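# Coordinates in review
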Amino acid sequence: MRTKVDGDTIVRWGERFDPFHDPYLADPYPFLEEARAATAVFYSADLDYWVVTRYHDIRQIFQTPKRFSATNTLAPLQPICPAAGHLLAEGGFRPVPTLTNSDPPGHTRVRRLATIAFTPRRVAAMEPLVRELTAQSVEKRLSSGRADLIRDLAWDLPALVIFRVLGIPDEDVARVKAGAESRLLLMWGRPTEDDQIRLVQGMAAFWRYAEMLVASRAEHGRDDFTSDLLRARDGDLPALTHQEVTQIVYELLFAGHETTTGLIGNALRRLLAARDAWEEICGDSSLIPNAIEEVLRFDSSVIAWRRKTTEAVEIGGVSIPADANLLLLLGSANHDPAVFENPEHFDIHRQNAKEHLSLGFGAHYCLGAPLARLEARVVLEELSTRLPSLRLTPEQTLHFQPNTTFRGPLSLLVEWDI
Ligand code: HEM
């Protein structure tokens, strides 16, 4: 039988939760460990979110879309100010629920059509390109014996890859990366009103960029994912509208690289810090796929995700009202000792590493998971073969974007023997 959690515990942990500043931002795991042991759920009055800490509860929430809706997953964490809202509307921003933030049956239709376009063939065909782009970055930017692996490799590589998938020219990388950063801070951070006004302009430009791309492919289809989405058909299902395709492209222009830049950064950080693990993968590249799963478990690039209750529910002995916002701490679930033995230990041989929840679970399971895994594998294969003496520069302080959800170091200084 579940025990009721007392109100004081729920409130106290809520008061201690500050995802936008250190020490949580620098290392959330000590807080998560204590909070998870104390309570399955706490309430952050500051965010007005119920925060869920344990693996089995979070997995159950992902599996029960009727009671836990995905409609809030892309909403601003805090309401944006009227002036910024006005600028967004004026800038032509017209989002429509499609994949991430929609529920069945609408989600089921769009997901089926998107899956038809995002085929395993399309992903597998990306491998030579990912390898070539990695090799180019290594040869051009990693020759002096010192580098910042984020600036010189992980920052633009996933963007260049997803651009090829969507059919966008390489020279637009900086523009799209800037638009994605605006969106991250606006939707998952806590910007001031002045910052909001600046950020919404980047976001609206980012949306119009996606709209123009879709309009051009609707006129002249090509061999790319955007054109395939416009062409996708499945029996009697209504085809995707231009606005829906714009929304999917807009999603991928963000989800398709921010997350993977974070994964590559976290992987290199953790593997180089655990020297034995790095040396093992240098000696045997077949260990890389499981090492990537362990990085996703141990230090995920998506540490929290959202849902909303559609009715009053009870989670781990805590009663939660209908229409309540939930923040699901994936990073905490991934360290839950109920599922992962000795969870604070980074172990590239862990048998059940793949059970992490970093890519979601159930109907919304990450559409880009095969691509993210492919990119991380190729980068680790290339670097471990070309630069086995790679090591972290001692005494560096890592910095992270102040937000609830996306996590990866903003720079990672390394050196190696030349
Ligand atoms: C390490 C990299 C990545 C991580 C950690 C990650 C994580 C996630 C998570 C947590 C979800 C939500 C699951 C849910 O709501 O149940 C998701 C959904 C999604 N991801 Fe990823 N993702 C990554 C890479 C990518 C890439 C590379 C792409 C695109 C190429 C992508 C596209 C998507 C899309 C479209 C969805 C929504 C799917 C749906 O609602 O049906 N992601 N991802």
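Our subject in this report is the structure included herewith. All values reported here derive from a predicted model rather than from experimental measurement.

## Concerning the coordination of the iron atom of the ligand
No protein donor other than Cys366 (SG) coordinates the iron atom of the ligand, and that contact is at 2.3 Å. Along the chain, cysteine 366 turns up in the loop between helix 17 (330-333) and helix 18 (369-386).

## Some thoughts on the sheet that holds strand 9 (residues 391-392)
With respect to topology, 3 strands assemble into an open sheet ordered 4-10-9, the strand pairing being antiparallel. Unpaired on one side and paired on the other, strand 4 (146-148) and strand 9 mark the two borders of the sheet. Pairing geometry for strand 4 and strand 10 (residues 413-415), over 3 bridges, is antiparallel. Within strand 10, the residue paired with aspartate 148 across the bridge is leucine 413.

## Looking at unusual backbone geometry
Omega for the peptide link from aspartate 22 to proline 23 comes to 5 degrees, which places this bond in the cis form. Turning to its location among the elements, proline 23 is positioned in the loop between helix 1 (7-16) and helix 2 (29-38). Cis peptide bonds are those with omega within 30 degrees of zero, and the linkage from proline 104 to proline 105 qualifies with 5 degrees. With respect to the secondary-structure elements, proline 105 resides in the loop between helix 4 (82-90) and helix 5 (106-117). Unlike most non-glycine residues, aspartate 323 shows phi in positive territory, near 65 degrees. Structurally, aspartate 323 can be placed in the loop between strand 7 (318-320) and strand 8 (325-328). Phi is positive for glutamate 395, close to 55 degrees, though the residue is something other than glycine. Mapped onto the elements, glutamate 395 comes out in the loop between strand 9 and strand 10. When its relative accessible area of 83% is taken as the criterion, glutamate 395 is described as exposed.

## Some remarks on the pairing of strand 5 (residues 305-309)
Most of strand 5 is tucked away, with 4 of its 5 residues classed as buried. The sheet contact formed by strand 3 (residues 68-69) and strand 5 spans 2 bridges and is antiparallel. Bridge pairing in strand 5 links serine 69 to lysine 308. Summarising the sheet, strand 5 and strand 8 pair through 4 bridges and their orientation is antiparallel. Across the sheet, residue arginine 307 finds its bridge partner in strand 8, namely leucine 326.

## Observations regarding helix 16 (residues 288-298)
Within helix 16, 9 of the 11 residues are buried, which leaves the element mostly enclosed by the surrounding structure. If you check which residues of helix 16 are buried, you get Ile288, Ala291, Ile292, Glu293, Glu294, Val295, Leu296, Arg297 and Phe298. Buried residues in helix 16 make contact with helix 2, helix 14 (258-273), helix 15 (275-283) and helix 18.

## What to know about the pattern of salt bridges
Any two side chains of opposite charge can pair, so long as their charged atoms come close to each other. Tallying each qualifying case throughout the model produces 34 salt bridges. Note that aspartate 223 and arginine 122 form a salt bridge whose closest N and O atoms lie 3.4 Å from each other. Of this pair, aspartate 223 sits in the loop between helix 11 (193-219) and helix 12 (225-231) while arginine 122 sits in helix 6 (residues 120-124); the two residues are 101 residues apart in sequence, bridging distant segments of the chain. The shortest N-O distance in the salt bridge between glutamate 415 and arginine 146 comes to 3.2 Å. Of this pair, glutamate 415 sits in strand 10 while arginine 146 sits in strand 4, and the two are 269 residues apart along the sequence. Glutamate 415 sits in the buried class, given a relative accessible area of 19%. Among the charged side chains, a network of salt bridges with common partners joins Glu127, Arg131, Glu139, Arg377, Glu381, Glu382 and Arg386.

## Examining the sheet that holds strand 8
One open sheet accounts for 5 strands, arranged 1-2-8-5-3; its pairing is mixed. The sheet is open, and its two edges are formed by strand 1 (41-44) and strand 3, each paired on a single side.

## Section: helix 2
Taken together, the buried positions of helix 2 are occupied by Tyr29, Phe31, Leu32, Ala35 and Arg36. Looking down the long axis of helix 2, one finds its buried residues gathered within 150 degrees of arc, a one-sided arrangement. Structurally, helix 2 contributes buried residues whose contacts are with helix 1, strand 1, helix 16 and helix 17.

## Focus: the nonpolar core
By size, the foremost hydrophobic cluster in this structure holds 125 residues, and its most contacted members are Leu253 and Leu383. Among the elements that make up this core, the one with the highest residue count is helix 11 (10 residues). Dropping the residues within four chain positions of it, leucine 383 is found in contact with Val138, Leu142, Leu153, Leu268, Trp278, Pro388 and Leu390. Counting 17 residues, the second-largest nonpolar core is a separate cluster that includes Ala35, Leu47, Val51 and Ala304.

Analysis parameters
Residues numbered from 1 in each chain as written. Predicted model: local features only at pLDDT ≥ 70, side-chain atom pairs only at ≥ 80, totals over all residues. Heavy atoms only, no water. Donors = N, O, S within 2.8 Å, 3.2 Å for Na, K, Ca; no water. Helix = DSSP H or I, 4+ residues; strand = E, 2+ residues; numbered from the N terminus. Pairing = 2+ DSSP bridges. Buried < 20%, exposed > 50% of the residue type's maximum accessible area, 1.4 Å probe, protein only. Contact = heavy atoms within 4.5 Å. Salt bridge = Lys/Arg side-chain N within 4 Å of Asp/Glu carboxyl O. Arc of directions from axis to C-beta. Core = buried A, V, L, I, M, F, W, Y, C linked by side-chain atoms within 4.5 Å.

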